[in-house]
Amino acid sequence: QVQLVESGGGLVQPGGSLTLSCSASGFIFDEYVMSWYRQAPGKERELVAMINRDGVIRKYGDSVKGRFTISRDNAENTVRLSMNSLKVEDTAVYYCRRMGSPTYWGQGTQVTVSS
């Protein structure tokens, strides 16, 4: 069955960096667009970044452009989100998502940015 397992979340100070990983299994990874979403308390889930099948085309939410980088390793069935210059407002649960129909979500990993 399809599984998406996120890791790498934690507590970081403002201005710090963190890299999230999503390990995928149960499907042919390089056939799917992958993305990261996040959801802060009391807010709707929002797109953070998306990457196409070969990693050439990347799309970012306006609030993270220039600070976050999405990448994928099709040999390792992994998609990553490198986050720099983190802000308090980046605090959220971050989810990995396999795009397409049907779509699949990971269980999420908490990122807390606080001094």
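About the cut-offs
- Residues numbered from 1 in each chain as written.
- Predicted model: local features only at pLDDT ≥ 70, side-chain atom pairs only at ≥ 80, totals over all residues.
- Heavy atoms only, no water.
- Pairing = 2+ DSSP bridges.
- Helix = DSSP H or I, 4+ residues; strand = E, 2+ residues; numbered from the N terminus.
- Axes fitted to C-alpha atoms, helices over the stretch in contact; angles between N-to-C directions.
- Salt bridge = Lys/Arg side-chain N within 4 Å of Asp/Glu carboxyl O.
- Buried < 20%, exposed > 50% of the residue type's maximum accessible area, 1.4 Å probe, protein only.

Brief notes about the sheet that holds strand β7 (residues 68–73)
- Read across the sheet, four strands follow the order β1-β3-β8-β7 without closing on themselves; strand pairing throughout is antiparallel. With partners counted over all chains shown, the strands left at the sheet margins are β1 (3–7) and β7, one partner each. Neighbour-to-neighbour, the strand axes of the sheet open up by a mean angle of 15 degrees, direction not taken into account.
- Examined bridge by bridge, β1 and strand β3 (residues 18–25) share five bridges and lie antiparallel to one another. Looking at the pairing, leucine 4 lines up with alanine 24 of β3.

Points about the pattern of salt bridges
- All chains considered together, the criterion is met by five salt bridges.
- Residue aspartate 90 is joined to arginine 67 by a salt bridge in which the shortest nitrogen-to-oxygen separation is 2.7 Å. Here aspartate 90, found in the loop between β8 (78–83) and β9 (92–98), pairs with arginine 67, found in the loop between β6 (58–60) and β7; they are 23 residues apart in sequence, far enough to count as distant. Comparing aspartate 90 with arginine 67 shows no difference in burial state: the two are buried.
- Note that arginine 80 and glutamate 76 form a salt bridge whose closest N and O atoms lie 3.4 Å from each other.
- Salt bridges here are not isolated pairs; linked through shared partners, they connect Arg38, Glu46, Arg67 and Asp90.

What is shown is where atoms sit, not what they do.
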